[in-house]
Amino acid sequence: MVQATFDYEAGQAAKEQGLALSTLNEIVLDLMQRARVWYMPFELVRALKIDYDILISDSSLTARLRDLRKPQYGSHIIEKRRREGSTAYEYRLNDRREA
């Protein structure tokens, strides 16, 4: 089975709101750069809705975080860990970039 490299849901959400997918990645990066804290996906989704009036799903958000790790989106280091006392993951932007 071949997996699609394009996130259809995020692409549609961005298209409907007049954004390029790369712009959506930049917006997510901006949110994470504001405060260097650990975020759960739903917290970033909520911030996107409040600050930018953009509505995407948790899975689309985590796809954007994976994109930010790729060279074409800046090779950012997005750390991932399990939230204490939970099975859910949380994410944080690290200032360093992979070489």
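Sequence order sets the numbering: in each chain, residues are counted from 1 along the sequence as written. This being a predicted model, a pLDDT of at least 70 is required before a residue's local features are given, and a value of 80 or more before pairs of side-chain atoms are given or counted; all residues contribute to the totals for chains, interfaces and linings. Excluding hydrogens and water, the side-chain figures rest on all heavy atoms present in the structure.

A. The arrangement of the overall build of the protein in detail. A count of helical and extended segments in the protein gives four helices and two strands. Two residues qualify as a contact provided that any one of their heavy atoms is within 4.5 Å of a heavy atom in the partner residue. For the protein, contacts bridging at least 24 residues in sequence account for 47% of all contacts bridging at least 6. Note on areas: these come from Shrake-Rupley sampling with a 1.4 Å probe, and a residue is covered only by the protein chains present in the view. Entry remark: accessible area of the protein is about 6300 Å², with carbon and sulfur atoms responsible for 50%. Numbered from the N terminus, helices here are DSSP runs of H or I no shorter than four residues, and strands are runs of E no shorter than two.

B. A look at helix H3 (residues 41-52). Any helix carries an expected span of 1.5 Å times its number of residues minus one. With 12 residues, H3 should cover 16 Å at 1.5 Å per step; its first-to-last C-alpha distance of 16 Å lies within 8% of that length. Any residue under 20% of the maximum accessible area for its type is buried, any over 50% is exposed, and the rest in between are partly exposed; the area is computed with a 1.4 Å probe on protein chains only. Looking at H3, one finds that the buried residues are Pro 41, Leu 44, Val 45, Ala 47 and Leu 48. All buried residues of H3 lie within an arc of 160 degrees about the axis, which places them on one face of the element. Immediately downstream of H3, the backbone of Asp 53 shows phi near 55 degrees, a positive value. Read the arc as the range of directions from the helix axis to the C-beta atoms.

C. Quick look at the pattern of salt bridges. Criterion for a salt bridge: a side-chain nitrogen of Lys or Arg within 4 Å of a carboxyl oxygen of Asp or Glu. Considering all chains together, one arrives at nine salt bridges under this definition. Between Lys 49 and Asp 53 there is a salt bridge, and its shortest N-O distance comes to 2.7 Å. Residues joined by salt bridges that share partners form a network here, namely Glu 43, Arg 81, Arg 83 and Glu 90.

D. Just the confidence of the model for the protein, in detail. A residue's pLDDT is the predictor's confidence in that residue, given on a scale from 0 to 100. Taken residue by residue, the protein gives an average pLDDT of 80. The fraction at 70 or more is 74%. Taking the mean pLDDT of every element in the protein, the minimum, 54, falls on helix H1 (residues 8-16) and the maximum, 94, on strand S1 (residues 76-82).

E. Broad picture of the packing of aromatic side chains. Any pair of Phe, Tyr and Trp rings, taking the six-membered ring for Trp, is counted once the centres come within 6.5 Å. Such a pair is stacked with planes under 30 degrees apart, edge-to-face with planes over 60 apart, and tilted for the rest. Inspection of the entire model under this criterion finds zero aromatic pairs. A ring is considered to have a charge above it if a Lys NZ or an Arg CZ atom is located within 6 Å of its centre and within 35 degrees of its normal. Looking at Lys 80, its charged tip hangs above the ring of Tyr 89, at a distance of 4.2 Å from the centre.

F. Structural context of the environment of Ala 88. You can see Ala 88 is positioned in the loop between S1 and strand S2 (89-97). Assessed through its relative accessible area of 25%, Ala 88 is described here as partly exposed. Put simply, Ala 88 and Met 40 are 48 residues apart on the chain and 7.8 Å apart in space, counted from C-alpha to C-alpha. Filtering out sequence-adjacent residues up to four positions away, Ala 88 remains in contact with Met 40, Arg 81, Arg 82 and Arg 83.

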